[in-house]
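These are the residues of each chain, in order.
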Amino acid sequence: MNSKYIFTFVMTLVIGSAFILFINSGSDIEVIDIPETTTTTVPETTTTTVPETTTTTVQSTDTSGDEESVQIVDENEETPVAYDGEFLNFVGFEGNNQDKLDQLVLSLPQLLKDILKDKVIYVNGCHDYARSLVGRCPYGVWDSTGTNSDGSKGAEWSMSIWISNRAFDALQAEDVLIHESSHALSYLTRNCNTADNQSYRLDAWTLFGGEEKFADALVLYFGGSYNHYRDSGELSNEESSYLENYLDVCTNS
């Protein structure tokens, strides 16, 4: 009997211990709070900066090849219309300022323009023979006989006035044109005589000191200012009166 009671008691202890262990084991379970995962797409913010518009004259620089030679080109540079006329075959013809020269001819003093009309041609160029004489391109040349590069006569540019690019670059083309036109006037009136039946042209040379100074005096008379040979300043009253009489007699005969 005692053994039975002891066995029953032991079994009761075992079962009771197991039950207690079962209950306590529930509190050891890790509870993990997994928050709800939310995916939010945030759009990328793009900032566009609009540059200030500036008008700029752009120049392109060509440094390719030999670095000692640099070309700077104005992209807004106007290309002149190519000349297509009778002077293309003239030795020394430049042509860059032919249109400007033609406009200057139209604005010559009326008396000069009238006396030279249909008698003289006007060429924008560097007269080759004159260049060989002075070692550089002259501002202007009056060539009555048509002088070739070798000095021989009879070229197709007889009775021609040449105004070079150098004269235009120096801003002296207008006065140089009047100077050369005065040479042409002097030549065309070479048969005009004074009241004493003397050559007015030779008489003028005596008064002014030669043909070049005579032409310079006519430049001043016609309102120009550039003088290369004359060194006596403005025209005197006597000189002005002389030129007025000369023109009155020799351009109306």
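Read on for an overview of the structure. The structure presented is a predicted model; accordingly, all values stated were derived computationally and were not measured.

### A word on the overall build of the chain
Then, number 1: Tallying secondary structure elements over the chain gives nine helices and five strands in all.
Then, number 2: Its helices and strands in sequence order give the chain the pattern α-β-β-α-α-β-α-β-β-α-α-α-α-α, from N to C terminus.
Then, number 3: Looking at the 253 residues of the chain, the share that counts as buried comes to 32%.

### Overview of the packing of aromatic side chains
Then, number 1: Evaluation of the coordinates by the stated rule reveals twelve aromatic pairs.
Then, number 2: With a centroid separation of 5.4 Å and an interplanar angle of 55°, the aromatic rings of Phe90 and Trp157 are classed as tilted. Residue Phe90 is found in the loop between β2 (71–74) and α2 (98–106), and its partner Trp157 is found in the loop between β4 (140–143) and β5 (160–163); the two are separated by 67 residues along the sequence. There is no split in this pair, since Phe90 and Trp157 are both buried.
Then, number 3: With centroids separated by 5.5 Å and ring planes inclined at 70°, the aromatic side chains of Phe214 and Tyr246 adopt a geometry described as edge-to-face.

### Here we look at the sheet that holds strand β3 (residues 121–124)
Then, number 1: Strand order in this open sheet of three strands is β3-β5-β4, and the pairing throughout is mixed. For this open sheet the edge positions go to β3 and β4, each flanked by a neighbour on one side alone. Here the strands of the sheet are splayed against their neighbours by 20° on average, with no regard to which way each runs.
Then, number 2: Relative to β5, β4 runs antiparallel, the two being bridged by four bridges. When the bridges of β5 are listed, Gly140 appears paired with Ile163.
Then, number 3: Across the sheet, α2 is in contact with β3 and β5; its angle to β3 comes to roughly 145°.
Then, number 4: Most of the contacts of helix α6 (residues 173–188) go to β5, to which it runs at about 160°, and overall it touches β3, β4 and β5.

### Thoughts on the nonpolar core
Then, number 1: Val120, Tyr122, Ile161, Ile163, Leu177 and Leu243 are the most contacted members of the largest nonpolar core, which totals 37 residues.
Then, number 2: For this core, the elements supplying multiple residues, two or more each, are α2, α3 (110–116), β5, α5 (165–169), α6, α7 (200–208), α8 (211–221) and α9 (237–250).
Then, number 3: Among the elements that line this core, the one with the most residues is α6, at six residues.
Then, number 4: When sequence neighbours within four positions are dropped, the list of residues in contact with Tyr122 reads Phe87, Gln98, Leu101, Val105, Leu108, Leu116, Ile161, Leu177 and Ser181.

### A look at the packing of α7 against α9
Then, number 1: Packing of α7 against α9 leaves a shortest axis separation of 12 Å and a crossing angle of 170°. Here α9 runs roughly antiparallel to α7, going by the angle between their axes. Residue-level contacts link Tyr200, Asp203, Ala204, Leu207 and Phe208 of α7 to Glu238, Glu239, Tyr242, Leu243, Asn245, Tyr246, Val249 and Cys250 of α9.
Then, number 2: Broken down by class, the residue content of the contact of α7 with α9 amounts to nine nonpolar, one polar and three charged.

### Focus on α2
Then, number 1: Along α2, the residues classified as buried are Gln98, Leu101, Leu104 and Val105. Looking down the long axis of α2, one finds its buried residues gathered within 115° of arc, a one-sided arrangement. Turned more than 90 degrees off the buried face of α2, the exposed positions are Asp99, Lys100, Gln103 and Leu106.

What counts as what
Residues numbered from 1 in each chain as written. Predicted model: local features only at pLDDT ≥ 70, side-chain atom pairs only at ≥ 80, totals over all residues. Heavy atoms only, no water. Helix = DSSP H or I, 4+ residues; strand = E, 2+ residues; numbered from the N terminus. Buried < 20%, exposed > 50% of the residue type's maximum accessible area, 1.4 Å probe, protein only. Phe/Tyr/Trp six-rings, centres within 6.5 Å; stacked < 30°, edge-to-face > 60°. Pairing = 2+ DSSP bridges. Axes fitted to C-alpha atoms, helices over the stretch in contact; angles between N-to-C directions. Contact = heavy atoms within 4.5 Å. Core = buried A, V, L, I, M, F, W, Y, C linked by side-chain atoms within 4.5 Å. Parallel < 35°, antiparallel > 145°, perpendicular 65-115°, else oblique. Nonpolar A, V, L, I, M, F, W, Y, C, P; charged D, E, K, R; others polar. Arc of directions from axis to C-beta.

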